[in-house]
Amino acid sequence: MIQEITFPYKPSDHESEKASNSYLMSLVALVVGLPLPIINLLATFFFFLGNRKGTYFVRWHCMQALVSQAALLCMNSFGFWWTISIIFGDEHVSNRYFAYIFTALLFNITEFVSTIYCAVQTRKGKHVQQWFFGNITNLICKPNDK
């Protein structure tokens, strides 16, 4: 699911710390804004904005964290509003609802673990690429972009 890729250069300690912090930002935001799914995305987005002119290593990992949080926002928002419609609307609890909530829970746990792993490995100066989000990040973030 997560693979280590050889990066063209060895990032400095300062770069590794900034790149690692991009992953940690979403974890801190998770604790602060747990019921609201958009808090994680906003925190990661503002961290990306602050580092968008940084080195390629930092920008790439900020973008990967942002892309993964965007996917998580979609998954969690759908589940959140479905739950609200069950509580306050005329929707009923069904097997499809429980299947979706279970899938969303697994997705969140996987994202949480992979975010911690990426933060630790990136702090060591290793370039890690998540299975799906890394490919999207490669399309968005290019080495010569500034």
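Higher on the page you've got the structure.
These numbers were taken from a predicted model, which means no experiment stands behind them.

(A) Fine view of the overall build of the protein. The helix and strand inventory of the protein stands at five helices and two strands. Ordered by position from the N terminus, the helices and strands of the protein form the series β-α-α-α-α-β-α. Over its C-alpha atoms, taken along the principal directions, the protein stretches across nearly 55 × 25 × 25 Å. For the protein, long-range pairs separated by at least 24 residues make up 73% of all intrachain contacts whose partners lie at least 6 apart in sequence. Accessible area for the protein stands at about 8500 Å²; split by element, carbon and sulfur atoms hold 70% of it. Placing the 11 positive and 8 negative side-chain charges of the protein at their respective mean positions leaves the two points 9 Å apart.

(B) Quick look at the packing of aromatic side chains. If you walk through the whole model with that rule in mind, you get nine aromatic pairs. Ring centres 5.9 Å apart and planes at 50° place the aromatic pair Trp 82 and Tyr 100 in the tilted group. Taken together, the positions of Trp 82 in helix H3 (residues 56-88) and Tyr 100 in helix H4 (residues 95-123) put the pair 18 residues apart, joining distant regions of the chain. Judged by its relative accessible area of 13%, Trp 82 is buried. You can call Tyr 100 buried: its relative accessible area is 17%. Between Phe 132 and Phe 133, the ring centres sit 5.6 Å apart and the planes meet at 75°, which makes this aromatic pair edge-to-face.

(C) Region of the structure containing helix H2 (residues 38-51). With 14 residues, H2 extends 20 Å from end C-alpha to end C-alpha; this agrees with the ideal 20 Å at 1.5 Å per step. All buried positions along H2 are accounted for by Asn 40, Leu 41, Ala 43, Thr 44, Phe 47, Phe 48 and Asn 51. Take H2 and look down its axis: the buried residues cluster within an arc of 165°, on one side only. Exposed side of H2, more than 90 degrees from the buried face: Phe 46 and Gly 50 are the residues found there. Residues of H2 that are buried in the fold lie against helix H1 (13-32) and H3.

What counts, and at which threshold
- Residues numbered from 1 in each chain as written.
- Predicted model: local features only at pLDDT ≥ 70, side-chain atom pairs only at ≥ 80, totals over all residues.
- Heavy atoms only, no water.
- Helix = DSSP H or I, 4+ residues; strand = E, 2+ residues; numbered from the N terminus.
- Contact = heavy atoms within 4.5 Å.
- Areas by Shrake-Rupley, 256 points an atom, 1.4 Å probe, with all protein chains shown as cover.
- Lys, Arg positive; Asp, Glu negative; His and termini not counted.
- Charge placed at Lys NZ, Arg CZ, Asp CG, Glu CD.
- Phe/Tyr/Trp six-rings, centres within 6.5 Å; stacked < 30°, edge-to-face > 60°.
- Buried < 20%, exposed > 50% of the residue type's maximum accessible area, 1.4 Å probe, protein only.
- Expected span 1.5 Å × (residues − 1).
- Arc of directions from axis to C-beta.

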